[in-house]
Amino acid sequence: MRKEHCINDVSSYTIWRNYIIGTIALSLVPIIASIVAKHWIVSVFFLCISLSLFSFVKLNRGCKYESCVLIPFVVARIFLVLTILTICFNFYIYGWDNDQLGATVYKQFILVYPLIAIIIIFIHLRIKLNNKLCADCVARKGNPYERASLGIAYYAEVNCLLKRIVYIYSVILLLAWGLWCTQYYTGYLNNLFVFVGLFAPIILFSIEGLINGLVRYLAYRYNFIETLQSPELCKANTKFIRITLLSNRAVYYSQKCGDTELDTPLKFSENYQNGNSEMSVRKFLNEKIGLDAYDGIRLAYVTERLENNCSIEHYMCFVKSESLSNLLEKRTDEIGVWLEKYQLQEAFTQGIFSRMVCSELHRVFVVMQGYKEIQFQNKKSDTKDFTLSELKTTKADFSDSSWLLKADIKDGNFLKNIMHLWHRYIEGFN
């Protein structure tokens, strides 16, 4: 079994560091637009900053202690959009024969670029984990709940910081438009408009970054990460084993009395050791449901946290009869239910599963769907859909994170292939 999804605790300082990198880059936008004489050089500057940030994101993926670089990634996309818009703006409106940006062009740019940044950040906040960076991170490391501080803390805090950038740019946008309207109708405040356009981003981001950012993270240095860890990943030198029961048509989940979430009833822990714990799983199943109750088990994937010698192993157990749920209910004092595939999808949408079950279902369904999609394209399958009974014999490797991304690449689609090349060679998502 290949060890993947390595979890690393990273200092909360890296959240602040990546935020500062992104905000410093954003503060350069009006400065570059105001001091660069030739209009095409502005586009070159923006493109260079965009590619530099993408390179930073790419290098971060190869680090031993990887941090969340969603903010630099979003800022890189902002600069990429600004590059395209500045080229179109100057070419279609002013033509290539105009070598100077001029005060009018600069003022119009100050009125527009904060709105562009707000729109791009808002889109990323709306799509949540569905952007390319987060999708790649989930594919390699699992969902946030499986990854302790690297997942929960980063996911919550980075989204909070993106919202703060939106708030700051909203203030800049209101100031810029307010001063422009005042200047348009009165003829005054010309210098103040230029001052706000140039220095408002620097001042506001500096206050936010130094006072509300650095001081906050220094105060949280010793307890920020620990308080947000997943309960199942808090104990060092421990291995947690989760076993999901499946029949040919359904999956079994249960809930404790008074609890509103469905979870697997079969889970235990043991001392951490290298290699999988298949023998321990078989011994546990023999005690809980009996040797004759199942006809096979399969290790789906492993989530590991190597620096603390801690891991979660996710197993599938294929049972012969669904009647064993009665035995489990008596032994665990939990109420269980068998859910068919369409019921799993409905329950997932309604949010009645625990977060760990959601992580498991997400991986299994996406990997199987991608595997069936490729099988269908290669004429090895008559349908793109899959059944629960196929999970026992499928050759799809749930531990191979690349399966989570293969379904997005379709042969013969030129635009998809171009985007794939961009993601691979520019953004670093192999």
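Our subject is the structure that appears above.
What comes next concerns the included structure.

Rules behind the numbers
Residues numbered from 1 in each chain as written. Predicted model: local features only at pLDDT ≥ 70, side-chain atom pairs only at ≥ 80, totals over all residues. Heavy atoms only, no water. Helix = DSSP H or I, 4+ residues; strand = E, 2+ residues; numbered from the N terminus. Buried < 20%, exposed > 50% of the residue type's maximum accessible area, 1.4 Å probe, protein only. Contact = heavy atoms within 4.5 Å. Areas by Shrake-Rupley, 256 points an atom, 1.4 Å probe, with all protein chains shown as cover. Salt bridge = Lys/Arg side-chain N within 4 Å of Asp/Glu carboxyl O. Phe/Tyr/Trp six-rings, centres within 6.5 Å; stacked < 30°, edge-to-face > 60°. Lys NZ or Arg CZ within 6 Å of the ring centre and 35° of its normal. Patch = residues over 30% accessible without salt bridge, like charges linked within 9 Å, V, L, I, M, F, W, Y side chains within 5 Å. Core = buried A, V, L, I, M, F, W, Y, C linked by side-chain atoms within 4.5 Å. 1 Å grid on protein atoms, 1.4 Å probe; cavity = no way out; pocket = protein on both sides within 12 Å on 5 of 7 lines; lining within 4 Å. Points joined across faces, edges and corners; volume = space filled by probe spheres on them. Nonpolar A, V, L, I, M, F, W, Y, C, P; charged D, E, K, R; others polar.

Observations concerning the overall build of the protein
A tally of helices and strands in the protein yields 13 helices and six strands. For the protein, buried positions account for 50% of its 430 residues. Restricting to contacts in the protein with at least 6 residues of sequence separation, those with at least 24 account for 76%. On the protein, roughly 21,200 Å² of surface is accessible, and the fraction owed to carbon and sulfur atoms is 60%.

A few points about the pattern of salt bridges
Considering all chains together, one arrives at 11 salt bridges under this definition. Linking Lys392 and Asp295 is a salt bridge whose minimum nitrogen-to-oxygen distance equals 3.2 Å. Taken together, the positions of Lys392 in the loop between helix H11 (355-377) and helix H12 (403-406) and Asp295 in strand E4 (residues 294-305) put the pair 97 residues apart, joining distant regions of the chain. On the accessibility criterion, Lys392 (38% relative accessible area) is partly exposed. When salt bridges that share partners are traced, they join Arg242, Asp263, Lys267 and Glu360 into one network.

Here's the deal with the packing of aromatic side chains
Any two aromatic rings considered together are summarised by their centre-to-centre distance and by the angle between their planes. Going through the model one piece at a time under the given rule, you end up with eight aromatic pairs. An angle of 75° between the planes, with centres 5.7 Å apart, marks the rings of Tyr169 and Phe205 as edge-to-face. Residue Tyr169 is located in helix H6 (residues 148-186), and its partner Phe205 is located in helix H7 (residues 190-219); the two are separated by 36 residues in the primary sequence. Pairwise contacts between aromatic rings join Tyr113, Tyr169 and Phe205 into one cluster. The residue whose ring lies beneath Arg363 is Tyr301, and the NZ or CZ to ring-centre distance is 4.7 Å.

Focus: a nonpolar patch on the surface
Together, Leu192, Phe195, Phe199, Ile203, Ile207, Leu210 and Ile211 make up a nonpolar patch on the protein surface, roughly 650 Å² of accessible area in all. By the element assignment, Phe199 lies in helix H7. Taking the relative accessible area as the measure of exposure, Phe199 reaches 38% and is therefore partly exposed.

Points about the nonpolar core
Core analysis: the largest hydrophobic core is formed by 51 residues, its most contacted members being Phe79, Ile165 and Tyr169. At the level of secondary structure, the elements contributing two or more residues to this core comprise helix H1 (13-35), helix H2 (39-61), helix H3 (70-94), helix H4 (102-127), helix H5 (132-141), H6 and H7. Top contributing element to this core by residue count: H6, with 11 residues. Dropping the residues within four chain positions of it, Tyr169 is found in contact with Leu26, Tyr113, Pro114, Ala117, Ile118 and Phe205. Core analysis: the second largest hydrophobic core is formed by 25 residues, Leu246, Phe353, Cys358 and Leu388 among them.

Focus on empty space enclosed by the protein
Unoccupied space between atoms shows up once a probe the size of one water molecule is rolled over them. All told, the structure shown has two cavities of 30 Å³ or more when counted by the stated rule. Considering only enclosed or pocket space, the second largest cavity measures out at about 170 Å³ in volume. Together, 16 residues line the second largest cavity, and Thr244, Tyr253, Met316, Leu361 and Val364 are the ones closest to its centre. Elements that contribute at least two residues to the lining of the second largest cavity include exactly strand E1 (238-246), strand E2 (250-255), E4, strand E5 (310-319) and H11. Counting residues per element, the lining of the second largest cavity draws most heavily on H11, at four residues. The residue makeup of the lining of the second largest cavity, split by class, is 13 nonpolar, two polar and one charged.

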